[in-house]
Amino acid sequence: MRCPLCGYEFDWKEAEQACRSCPLASHCGLVRCPRCGYEMLPEAKLIGWMRRLRTRLRKRRENALFR
Ligand SMILES: [Zn+2]
């Protein structure tokens, strides 16, 4: 993924290592840029969650139609 602040590209492992020095809980749900320390929401996770939610809603609607 790419940092929206400084444009540095990094992967999950790097972000996890950067997060290890965080004084807060290590599982804060945020991704931290190893270069500038900017914290952002993990977009991939968010998109996956939204997609799951949408398919669940669609299935529920189909079940209501074909009952
Ligand atoms: Zn950055």
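Note that the structure is a prediction, hence the values are computed from the model and not measured. Per chain, residue numbering runs from 1 following the sequence as it is written. Predicted model: local features are reported for residues with pLDDT of at least 70 only, side-chain atom pairs are reported and counted for 80 or more only, and whole-chain, interface and lining totals are derived from all residues.

Visitor: Residue-level account of the overall build of the protein, with values.
Guide: Counting from the N terminus, the helices are DSSP H or I runs at least four residues long and the strands are E runs at least two residues long. Along its length, the protein carries two helices and two strands. Secondary structure of the protein in N-to-C order comes out as α-β-β-α. Around each residue's C-beta, the other C-beta atoms within 10 Å are counted; 20 or more make the residue buried, 12 or fewer make it exposed, and counts in between make it partly exposed. All C-beta atoms are placed from the backbone. Per-residue burial for the protein yields a buried fraction of 4% across its 67 residues.

Visitor: Pulling in residues and values, what's your account of the environment of glutamine 17?
Guide: Its place among the elements puts glutamine 17 in helix H1 (residues 12–20). Along the chain, glutamine 17 and arginine 32 lie 15 residues apart, while their C-alpha atoms are 8.9 Å from each other.

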